[in-house]
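# Examination of the molecular architecture
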Amino acid sequence: MLTPCRPAVLAAILLALVTCGLALVTCGTPGTVSAQPAAKNQTLIAAVTSNPAAAPQLTAREVAAGAPDNAAPIVGEVVGLLPSGQRLFLAPLVVSAAIATLVAPQRRPQAPAIACAAIRAVPAAERNAVVPAIVAAAVAMAPSARLQIVVCATDAVPRLAAAIAAAGLPPVQAQLASPPTSPPPDSTIGRDVLFPIPQTCASAPCP
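Residues numbered from 1 in each chain as written. Predicted model: local features only at pLDDT ≥ 70, side-chain atom pairs only at ≥ 80, totals over all residues. Heavy atoms only, no water.

## Observations concerning the overall build of the chain
The line we're drawing: Put simply, DSSP marks the helices as runs of H or I at least four residues long and the strands as runs of E at least two long, and each gets a number from the N terminus on. Using a 1.4 Å probe on the protein chains alone, a residue whose accessible area is under 20% of its type maximum counts as buried, one over 50% counts as exposed, and one in between counts as partly exposed. Any two residues having at least one pair of non-hydrogen atoms within 4.5 Å are treated as being in contact. For every accessible area listed, the method is Shrake-Rupley and the probe measures 1.4 Å; residues are considered covered only by the protein chains on display.
The helix and strand tally for the chain stands at eleven helices and zero strands. Residues counted as buried form 31% of the 207 residues belonging to the chain. Contacts spanning at least 24 positions in sequence make up 63% of the contacts within the chain whose residues lie at least 6 apart. Carbon and sulfur atoms form 67% of the exposed surface of the chain, whose accessible area is close to 13,300 Å².

## Remarks on the packing of helix α6 (residues 104-121) against helix α8 (residues 146-156)
Keep this limit in mind: For helices, the fitted axis covers only the stretch in contact; all axes are lines through C-alpha atoms, and the angles between them, taken along N-to-C directions, range from 0 to 180 degrees. Here the angle decides the label: under 35 degrees means roughly parallel, over 145 means roughly antiparallel, 65 to 115 means roughly perpendicular, and every other value means oblique. Each crossing gets its hand from how the near helix is turned against the far one by less than a right angle, where anticlockwise is left-handed and clockwise is right-handed. Throughout this entry, Asp, Glu, Lys and Arg are counted as charged residues, while Ala, Val, Leu, Ile, Met, Phe, Trp, Tyr, Cys and Pro are counted as nonpolar. The remaining residues, Gly among them, count as polar.
Packing of α6 against α8 leaves a shortest axis separation of 9 Å and a crossing angle of 25°. Accordingly, the angle class assigned to the pair α6 and α8 is roughly parallel. Of the two possible hands of crossing, α6 and α8 adopt the one that is right-handed. Residues R108, A111, P112, A115, C116, I119 and R120 of α6 touch α8, and the partners they reach there are Q148, I149, C152, A153 and A156. Across the contact of α6 with α8, the residue classes tally to nine nonpolar, one polar and two charged.

## Examining the state of the cysteines
Counted only if it meets this: To count as a disulfide, a pair of cysteine sulfur atoms needs to be within 2.5 Å.
Going through the model one piece at a time under the given rule, you end up with one disulfide. One disulfide bridge connects C116 with C152, the sulfur atoms lying 1.9 Å from each other. Taken together, the residues span a long stretch of sequence, with C116 in helix α6 and C152 in helix α8 at a distance of 36 residues. The exposure class assigned to C116 is buried, which follows from its relative accessible area of 0%.

## Regarding the nonpolar core
Basically, it comes down to this: In plain words, nonpolar cores are sets of buried Ala, Val, Leu, Ile, Met, Phe, Trp, Tyr and Cys residues tied together by side-chain atoms within 4.5 Å.
Of all hydrophobic cores here, the largest spans 43 residues; its most connected members are V75, V95, I114, I134, V135 and I149. Once you skip the residues sitting within four places of it in the chain, I149 turns out to touch A111, P112, A115, V135, A138, V139 and A142.

## Notes on helix α2 (residues 42-50)
To keep it simple, the criterion reads: Picture the helix axis, draw a direction to every C-beta atom, and the arc is the one those directions span. Distance and chemistry together define a polar contact, namely a pair of N or O atoms within 3.5 Å, with one atom able to donate a hydrogen and the other to accept it when in protein, and with adjacent residues in sequence counting only for side-chain atoms on both sides.
Buried within α2 are the following residues: L44, I45, A47 and V48. Down the axis of α2, the smallest arc covering the buried residues is 170°, so these residues share one side. Seen from the open side of α2, the exposed residues pointing more than 90 degrees away from its buried face are Q42, T43, T49 and S50. On its buried side, α2 packs onto α3 (55-65) and α4 (71-81). Backbone nitrogen of T43 and a side-chain oxygen of the N-cap are separated by 3.1 Å at the start of α2; the cap is N41.

These values are about where atoms sit, not about what they do.
Below, the structure is given as structure tokens:
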């Protein structure tokens, strides 16, 4: 003869059923695979690998087709695919293309993340030359985000802080920061003003 279930036993059974139901909703039924991060864009990878020179155009197309927040991961992926011998030239162009593709209100908030994604994709052996070029390109496309770009880049590569700060200067300040150039030793610049050459009069009346 079956004995009646106690309230505590019933409560335990109900709790187990509810927990099991939540687990199925959250994790999926047995045999199913839970959602995974989006796979890398194999088409983009193949296109950049086969034609690195087209990387800026390919980047612009991908950025235009997605949400603004996708721009940084796209740039990081593309810069990482570039050949070592072409990264110094192409990486800044990729960054510029991505920022330029965004609508104007999105450039300031997205430019620092785009620049830093590109910087992190650069191998350590190439960063001395490539990182300042990336910073300069990003600042040129989003001047209002200059400070954020410099801070993000410095956090990513602290040893290049001086070069990053110089690359992040506005164009006018960058020119003022460069050392002045002196005229060649045999140049007459300046002497013509201090020691004017006497002018001879060819015909009367002379002044």
